[in-house]
Amino acid sequence: MTTRINPDHDIIAVGAGFAGLAMIHYAREAGLSIRVFDKASDIGGTWTWNRYPGAASDSECYYYCLTFSKELLQDWSWSVRYPGWEENLRYMHFVADRCNMWPHIQLTTRVLSADFDETAGLWRVRTADGQEHTCRYFVSAMGMISEPIMPDFKGIDTFQGPCFHSARWPEGLDYAGKRVAIIGSGATTVQMLPVLAETAGDVTVFQRTANFVMPAVQKTVTPEWDAEIKAHYDEIIRKCRQHVFGMAFDSPVGRTIAETAPDEVQRILEEHWTRGSFRFVFETFDDLLSNPESNRVAGDFVIRKMLSEVEDPDVRDMLTPKGYPFFAKRPPLDHGYFKTFNRKNVHLVDINEREPIVEITPTGIRTTRQHYEFDIIVLATGFQAYTGAQEALPIRGQGGLLLKDKWETVSSSIMGVFVAGFPNLFMITGPQAPFANLPTSIEENSKYIVNCIRRMRDAGDNLCVPRADAEAAWVEHTADIHRQTLMAQGDKVHSWMMGANLKNRNPRVLIYFGGANVYYDKLEASAAAGFPEVTFERLS
Ligand code: NAP
């Protein structure tokens, strides 16, 4: 039995990054009231938290943006192919300013909990300032790679200098001339090392697993390129919408390594290597991520090219990825990472086989072989992807069910948007959505969510109850596709794409690998069919 109460807002969204801004736009367009909370002191999400030296987007600028306004696309110009965090933040301010979004955004406000009130049919959202806010629809816009993982090394609290996660870089930290340790060698470290090494006295990278890394090939956006981008925005948006990873690439290319002569394979790989970006994977051959032998050929090529810049054979050996296929871990893009290992002030320590870390001490890091002295320790140890932010926040659905408990062994959802047992909860890029160019997925999810709410409003309904059978079907479909990909081998090497980077937790299917374009089609088909994955009810 429900009792109708008018909530404070139609929608409360948590997170003022790309997802929060997109939700504001699409909600307002539909005439819905929306409030966005963020614990950060600025908008920007990823780009307000990740301020480590060298932090930049790995998607190219002209499709790493929101596309709902043709005017904004024409009025904003990027300076480089892969903008740094400062430029991404400036862009997001530009969007918020131009679209007058600020009245909807409340910063420096930590959401403590979100509870579904079954009697009133609304969500009660408590914030750290002691307030309770109510909304009909609760939207997680908290980002899919936002909850840092802090390692539990013995003695970690005893270190006397700064010791922090890479996503919490201390403002104004002076590392000039200092001895810096970086634990971890993922995408963050690959971006950070070349910049740090320029100024730090000495940098030591503690690596557990070596990565396949592709060249970024940074470039200035010239006035000519800017004009070309702006003249082709309709096409760019169309390409993103139709691409397996939501990127403005020309693929599939209609050829496979398996069916191409070996010399020609090498020529094509070589040609694309010099162009940089993830294009190397998507614009060369269509079977790199599905055919193990083709993947091996491409992987061997990547290893040969990336290590050709490293002078020391021992360092080269340590940097060689072993025992897993190319792309089973998300490959970082290189902005000078490998060359940096030729510098006298840069060192690499293998903490997998040669000398695992034993403890952190007041003055450094002790491995099984020796003690290293440091002034600063950077924990570039990654994130709890897809589920971290939602689990960090107690979200309780029907019967007080905690989302974290529901996801104990399987992070189930319907298309990464709905979760059975959690009426009127919507997620933007939740678990079992694709891994893709994020602004593309964020906009497709936001449109879908707002269309669902609009459908309810138009029919006089106001409760959207995800169906357990639809969830079971999506979980099975996603797992089925996952099994057919090489990504399923990521659990061997702690890939965050399977949650295999978490201690005391089973690896699981976190990503829909059926293609972002196929997924966007499914969202559209669901909306056109009246959202059959949920049942709609009317509060009395
Ligand atoms: P990551 O790729 O998960 O890398 C974390 C690193 O820390 C790995 O080398 C991991 O080793 C190591 N590690 C974790 N726990 C450890 C422990 N207890 N002991 C020793 N080593 C440990 O994290 P990330 O580099 O922050 O990147 C995460 C994702 O964020 C990227 O893949 C990307 O999607 C996104 N990102 C994007 C950008 C961009 O687009 N510009 C930039 C940075 C990050 P193992 O490999 O052995 O687990």
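Up top you'll find the structure we're talking about.
Residues numbered from 1 in each chain as written. Predicted model: local features only at pLDDT ≥ 70, side-chain atom pairs only at ≥ 80, totals over all residues. Heavy atoms only, no water.

**Focus on the pairing of strand β1 (residues 9-14)**
Each regular strand displays side chains that alternate between the two surfaces of the sheet. Counted residue by residue, β1 has five buried out of six residues, so it is predominantly covered. Two elements, β1 and strand β6 (residues 132-140), share five bridges in a ladder whose sense is parallel. Counted as the bridge partner of H9 is C135 from β6. The parallel pair β1 and strand β2 (residues 34-37), bridged by helix α1 (residues 18-29), forms a crossover whose chirality is right-handed. (Buried < 20%, exposed > 50% of the residue type's maximum accessible area, 1.4 Å probe, protein only. Helix = DSSP H or I, 4+ residues; strand = E, 2+ residues; numbered from the N terminus. Pairing = 2+ DSSP bridges. Right-handed = clockwise from strand over helix to strand, strands pointing away.)

**Notes on the site of the ligand**
As a structural note, the neighbourhood of the ligand is formed by 24 residues, with A56, S185, T188, T209 and K329 the closest of them. K329 places a polar side-chain atom, nitrogen or oxygen, 2.8 Å from an oxygen atom of the ligand. For the ligand, the protein covers 87% of the area, taking 900 Å² as the surface of the free molecule. When grouped by side-chain class, the residues that make up the shell around the ligand number 10 nonpolar, 10 polar and four charged. (Near = heavy atom within 4 Å. Polar contact = N/O pair within 3.5 Å; in protein donor to acceptor, adjacent residues only side chain to side chain. Areas by Shrake-Rupley, 256 points an atom, 1.4 Å probe, with all protein chains shown as cover. Nonpolar A, V, L, I, M, F, W, Y, C, P; charged D, E, K, R; others polar.)

**Remarks on the nonpolar core**
Judged by nonpolar contacts, the single largest core of 145 residues is most densely connected at Y91, V95 and F426. For this core, the leading source of residues is α1, giving eight residues. Leave out the neighbours within four places in its chain, and Y91 touches F18, C65, L66, W76 and W78. A114, A389, L393 and F422 belong to the second-largest nonpolar core, a separate cluster that totals 23 residues. (Core = buried A, V, L, I, M, F, W, Y, C linked by side-chain atoms within 4.5 Å. Contact = heavy atoms within 4.5 Å.)

**Here we look at the environment of R238**
Tracing the backbone through its elements, the reader meets R238 in helix α7 (residues 233-241). Here the alpha-carbon distance between R238 and K178, two residues 60 residues apart in the chain, equals 48 Å.

**Examining the pattern of salt bridges**
The tally for this structure, following the rule as stated, stands at 38 salt bridges. Where E271 meets R275, a salt bridge forms, and the shortest distance between an N and an O atom there is 2.9 Å. Note on R275: relative accessible area 40%, which makes it partly exposed. Overlapping salt bridges bring together R241, E444, K447, D521 and E524 as one network. (Salt bridge = Lys/Arg side-chain N within 4 Å of Asp/Glu carboxyl O.)

**Some words on the sheet that holds strand β14 (residues 364-367)**
Here we have three strands laid out as an open sheet, ordered β13-β14-β15, and antiparallel in their pairing. Looking along the sheet, the strands with just one partner apiece sit at the ends: β13 (357-361) and β15 (371-373). The average undirected angle you get between the axes of adjacent strands in this sheet is 20°. Bridge count between β14 and β15: three bridges; the pairing is antiparallel. Within the sheet, the bridge partner assigned to I365 lies in β15 and is Y372. (Axes fitted to C-alpha atoms, helices over the stretch in contact; angles between N-to-C directions.)

**Regarding the packing of helix α15 (residues 438-459) against helix α17 (residues 516-528)**
At a minimum axis separation of 10 Å, α15 and α17 run at an interaxial angle of 10°. Here α15 is positioned roughly parallel relative to α17, judged by the angle of their axes. Of α17, the residues touching α15 (which contributes T440, S441, E444, N445 and Y448) are Y519, Y520, L523, E524, S526 and A527. Residue composition of the contact of α15 with α17, grouped by class: five nonpolar, four polar and two charged. (Parallel < 35°, antiparallel > 145°, perpendicular 65-115°, else oblique.)

**Describing the sheet that holds strand β16 (residues 376-379)**
The five strands are arranged β7-β16-β8-β9-β12 in an open sheet whose pairing can be described as parallel. A strand with exactly one partner marks an edge of an open sheet, and here the two such strands are β7 (163-165) and β12 (346-350). Taking the axes of each pair of neighbouring strands and ignoring which way they run, one obtains an average angle of 20° across the sheet.

**Focus on the environment of A468**
Along the chain, A468 turns up in helix α16 (residues 468-483). Residues A468 and R208, spaced 260 residues apart in sequence, show a C-alpha to C-alpha distance of 40 Å.

**Remarks on α16**
In this model, α16 (16 residues) spans 23 Å end to end at C-alpha, consistent with the 22 Å of a helix rising 1.5 Å per residue. For α16, every residue scored as buried is listed here: A470, E471, W474, V475, T478, A479, I481 and H482. Across the axial projection of α16, the buried residues extend over an arc of 165°, all falling on one side. Structural note: α16 exposes E476 and R483 on the side pointing more than 90 degrees away from its buried face. Lining the buried residues of α16 we find α14 (403-406) and α17. (Expected span 1.5 Å × (residues − 1). Arc of directions from axis to C-beta.)

**Observations concerning the side chain of T485**
Relative to the elements of secondary structure, T485 occurs in the loop between α16 and α17. At 2.9 Å, the side chain of T485 and the backbone oxygen of H482 are in polar contact. Leaving out residues up to four positions away in the same chain, T485 has contacts with L289 and F513.

Note that every value here comes from positions in space, so none of it alone points to a role or purpose.
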